[in-house]
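The lines below spell out each chain.
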Amino acid sequence: MMFSRPFACVWSVAMTLALTVGAVVQAAEPAKGAAPRQVVIGLDLSKSNPLVSDDGYAARVAERLSRELSALPIRSRVIVRTFGVYNATSNHLKIDQTISGRARPEDVAEGISKLVANLPALVSQGKLKAQMKTNIVPFLETMSHVVDCSAMETKVILLTDGAEDSEYGKLTRRGGSLPAPRQRLYDGCDQLQVLGIGQGFNSPKTTAHFQEAWKGWSQGAGFASFIGLYDW
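Residues numbered from 1 in each chain as written. Predicted model: local features only at pLDDT ≥ 70, side-chain atom pairs only at ≥ 80, totals over all residues. Heavy atoms only, no water.

1. What to know about the packing of helix α2 (residues 55-70) against helix α3 (residues 105-117)
Then, number 1: As a packed pair, α2 and α3 sit with axes 8 Å apart at the nearest point and diverge in direction by 165°. By the angle between their directions, the pair α2 and α3 is classed as roughly antiparallel. Note that α2 runs across α3; the crossing there is right-handed. Contact residues: α2 offers Ala58, Ala59, Val61, Ala62, Leu65, Ser66, Leu69 and Ser70, while α3 offers Pro105, Glu106, Ala109, Glu110, Ile112, Ser113, Val116 and Ala117.
Then, number 2: Classifying every residue of the contact of α2 with α3 by side-chain character gives 11 nonpolar, 3 polar and 2 charged. (Axes fitted to C-alpha atoms, helices over the stretch in contact; angles between N-to-C directions. Helix = DSSP H or I, 4+ residues; strand = E, 2+ residues; numbered from the N terminus. Parallel < 35°, antiparallel > 145°, perpendicular 65-115°, else oblique. Left-handed = near helix turned anticlockwise from the far one by under 90°. Contact = heavy atoms within 4.5 Å. Nonpolar A, V, L, I, M, F, W, Y, C, P; charged D, E, K, R; others polar.)

In structure tokens, the structure reads:
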């Protein structure tokens, strides 16, 4: 497992919680002999995202994420990154974990889900910093150079409200849109999943606008499918 040193303590706390309090949800049994999969998780630390301020919401997101990760087969890869402002020094948290006999999927799932559930507390304690911008497209462009969709089935899960606010545009403005992908960055990747799209705006029209925009972007970037959930 690899992660940035400033946040080694954050991961340690998450894993300790996972191993001592038990599973949030019952772990699904990975299929024997199943092909490994790759899951990339992006944590949106921008202030507009309820994930950084609402304990109840963070817990629900963490529970869904735990179900997703607990069924991963052996040799699967899990990558966790944060985003917000376009500044690498502001996004230190980096976790790279390969599922193995020693790093069981249910333990990895619980460690990461505990981290997500505790994001509001980590922000309020100053261990993580809420950010003023939401660079989602730049984050996806950066991560496209990290993942290889041809190596194994790959899913990208963004825990975000989907409100792009970057040099590329501000999706919440009247007529706001996302830039067309410059190339098929994720050609061959299985799915882009956005959990919490439209959250915090309390507007079904805004949610629908975000869903349409991100579906179009995902198709242009090469993803085979898109899921954008406001709630579940």
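2. Here we look at the nonpolar core
Then, number 1: Formed by 32 residues in total, the largest nonpolar core has its most connected members in Ile41, Leu69 and Leu159.
Then, number 2: Residue assignment for this core shows that the elements contributing at least two residues are β2 (37-44), α2, β3 (77-83), α3, α4 (119-124) and β5 (153-159).
Then, number 3: The greatest single-element share of this core, amounting to 6 residues, is contributed by α2.
Then, number 4: Residues within four places of Ile41 in sequence aside, it is in contact with Leu65, Leu69, Val78, Ile79, Val80, Arg81, Ile112, Ile157 and Leu159.
Then, number 5: By size, the runner-up hydrophobic cluster in this structure holds 28 residues, among which are Met143, Leu192, Trp217 and Ala221. (Core = buried A, V, L, I, M, F, W, Y, C linked by side-chain atoms within 4.5 Å. Buried < 20%, exposed > 50% of the residue type's maximum accessible area, 1.4 Å probe, protein only.)

3. A word on the pairing of β5
Then, number 1: Taken across its 7 residues, β5 has 6 buried, putting it largely inside the fold.
Then, number 2: Where β2 lies against β5, 7 bridges are found, and the strand directions are parallel. Within β5, the residue paired with Gln38 across the bridge is Thr154.
Then, number 3: Where β5 lies against strand β8 (residues 191-195), 5 bridges are found, and the strand directions are parallel. Considered in β8, the bridge of Leu158 is made with Val194. (Pairing = 2+ DSSP bridges.)

4. Details of unusual backbone geometry
Then, number 1: The phi angle at Arg75 is positive, at roughly 75°, despite the residue not being glycine.
Then, number 2: Take Arg75: it is sitting in the loop between α2 and β3.
Then, number 3: Owing to a relative accessible area of 54%, Arg75 belongs among the exposed residues under this scheme.
Then, number 4: A positive phi angle, near 50°, is found at Asn202, a position not held by glycine.
Then, number 5: Note on placement: Asn202 falls in the loop between β8 and α6 (204-221).

5. Side note on the confidence of the model for the chain
Then, number 1: Put simply, the chain has an average pLDDT of 88, and 86% of its residues get 70 or more.
Then, number 2: Within the model, the stretch residues 3-7 combines pLDDT values under 50 with 12 contacts to residues more than four positions away or in other chains.
Then, number 3: Contacts for the low-pLDDT stretch residues 15-29, under 50 throughout, to residues beyond four places or in other chains number 23 contacts. (pLDDT = per-residue confidence, 0-100.)

6. Some remarks on the packing of aromatic side chains
The relation between two aromatic rings is expressed through the spacing of the ring centres and the mutual angle of the planes.
Then, number 1: A full pass over the atoms with the stated rule returns 4 aromatic pairs.
Then, number 2: Centroid distance Phe83 to Phe139: 4.7 Å. Interplanar angle 25°. Geometry classified as stacked. Residue Phe83 is found in strand β3, and its partner Phe139 is found in helix α5 (residues 136-143); the two are separated by 56 residues along the sequence.
Then, number 3: Ring geometry for Tyr186 against Phe223: centres 4.6 Å apart, planes inclined by 20°, an arrangement best described as stacked. Note that Tyr186 is positioned in the loop between β7 (169-170) and β8 and Phe223 in the loop between α6 and β9 (225-229), a separation of 37 residues in sequence.
Then, number 4: A cation sits over an aromatic face here: Arg60 above Trp232, 5.9 Å from the ring centre.
Then, number 5: Sitting over the face of the ring of Trp232, Arg64 holds its NZ or CZ atom 5.8 Å from the ring centroid. (Phe/Tyr/Trp six-rings, centres within 6.5 Å; stacked < 30°, edge-to-face > 60°. Lys NZ or Arg CZ within 6 Å of the ring centre and 35° of its normal.)

7. Brief notes about the environment of Ala163
Then, number 1: Along the chain, Ala163 turns up in the loop between β5 and β6 (165-166).
Then, number 2: Relative accessible area serves as the criterion here: at 6%, Ala163 is assigned to the buried category.
Then, number 3: Along the backbone, Ala163 and Arg173 are 10 residues apart, and their C-alpha atoms lie at a distance of 9.9 Å.
Then, number 4: Dropping the residues within four chain positions of it, Ala163 is found in contact with Thr134, Ile136, Thr172, Phe201 and Phe210.

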